[in-house]
Amino acid sequence: MSLNVKDYIRTIADFPHEGILFRDVTTLFADARGFRIAIDQLLAPYAGARIDKVVGLEARGFILGGAVAHQLSTGFVPIRKKGKLPGAVISQAYQLEYGEAVVEVHDDALKPGERVLIVDDLLATGGTAAAGISLCERLGAKVVGCAFVIDLPDLGGRRLLEGLGHEVHALCA
Ligand code: PRP
Ligand code: HPA
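Residues numbered from 1 in each chain as written. Chains lettered and ligands numbered in written order. Predicted model: local features only at pLDDT ≥ 70, side-chain atom pairs only at ≥ 80, totals over all residues. Heavy atoms only, no water.

Turning to the overall build of the protein, a few remarks are in order. The number of helices and strands found in the protein is 5 helices and 9 strands. Sequence-ordered secondary structure for the protein, helices as α and strands as β, is β-β-α-α-β-α-β-β-β-β-α-β-α-β. Against the 2.2 N^0.38 benchmark of 16 Å for 173 residues, the protein shows a C-alpha radius of gyration of 16 Å, consistent with a compact globule. Burial statistics for the protein: of 173 residues in total, 45% are counted as buried. Taking all contacts inside the protein whose residues are at least 6 apart in sequence as the whole, residues at least 24 apart take part in 57%. Placing the 18 positive and 21 negative side-chain charges of the protein at their respective mean positions leaves the two points 4 Å apart. (Helix = DSSP H or I, 4+ residues; strand = E, 2+ residues; numbered from the N terminus. Rg over C-alpha atoms; globule rule 2.2 N^0.38 Å. Buried < 20%, exposed > 50% of the residue type's maximum accessible area, 1.4 Å probe, protein only. Contact = heavy atoms within 4.5 Å. Lys, Arg positive; Asp, Glu negative; His and termini not counted. Charge placed at Lys NZ, Arg CZ, Asp CG, Glu CD.)

Put into structure tokens, the structure is as follows:
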């Protein structure tokens, strides 16, 4: 039987709040075959493309992005929640359902003209990814693509990123 990435992802009801169906990718990461399929499928559209760095969004984007970077033989750059990176950073705020969050990147992590692939586990409203794109672009890098395991299409993230002129690659909905 051929298995799909989606078959390895578990949905947990009422986490972190009542009424939320949380897509839990730890079961995908824990399965050797599932993890390999996910990494292979995440990078497949970029075969032959020039990618200088993979940028991962905290926290599950670090696990996926690290493996994708290794496979592409590129460096890896983390985008972290405010206050976690030790060096000089640039910051980008974005809207949450209630309030605001801030993500940061080291100000010397990307060089002007570098071509980057952004990786995360899940695209919901797109706020996190759009903030990540903005950080990369503020450092002069070119975002070649944004790759996710899961796209929740009803939440509008794909529309937002495509409206900003970026290609979205997702393995399942
Ligand atoms: C989740 C997910 C994405 C983001 C997607 O991370 O891993 O990074 O939310 O949501 P958005 O498209 O609406 O921005 P979360 O903020 O829960 O952080 P964590 O990975 O550090 O737990
Ligand atoms: N899983 C992980 N992160 C998320 C989710 C989810 O279902 N929804 C919004 N961010």
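Let us look at the environment of Leu-152. Relative to the helices and strands, Leu-152 resides in the loop between strand S8 (142–151) and helix H5 (157–163). Taking the C-alpha atoms as reference points, Leu-152 and Thr-125, 27 residues apart in sequence, are found 8.2 Å from one another. Non-local contacts of Leu-152, meaning those with residues more than four positions away in its chain, are made with Arg-23, Leu-122, Leu-123 and Ala-124.

Moving on: the site of ligand 2. As a matter of local geometry, ligand 2 sits amid Leu-21, Phe-22, Arg-23, Arg-60 and Leu-122. Note that an oxygen atom of ligand 2 is positioned 2.8 Å from one of the backbone N or O atoms of Arg-23. Interatomic distance of 3.4 Å between a side-chain N/O atom of Arg-60 and a nitrogen atom of ligand 2. Protein burial of ligand 2: of its 260 Å² of free accessible surface, 75% is covered by the chains. Residue composition of the shell around ligand 2, by class: 3 nonpolar, no polar and 2 charged. (Near = heavy atom within 4 Å. Polar contact = N/O pair within 3.5 Å; in protein donor to acceptor, adjacent residues only side chain to side chain. Areas by Shrake-Rupley, 256 points an atom, 1.4 Å probe, with all protein chains shown as cover. Nonpolar A, V, L, I, M, F, W, Y, C, P; charged D, E, K, R; others polar.)

The next thing to look at is the packing of aromatic side chains. Taken as a whole and judged by the stated rule, the model has 3 aromatic pairs. An angle of 65° between the planes, with centres 5.7 Å apart, marks the rings of Phe-29 and Phe-35 as edge-to-face. Exposure remark for Phe-35: the relative accessible area of 23% places this residue in the partly exposed category. (Phe/Tyr/Trp six-rings, centres within 6.5 Å; stacked < 30°, edge-to-face > 60°.)

Interpretation note: all reported values are geometric properties and have no functional meaning in isolation.
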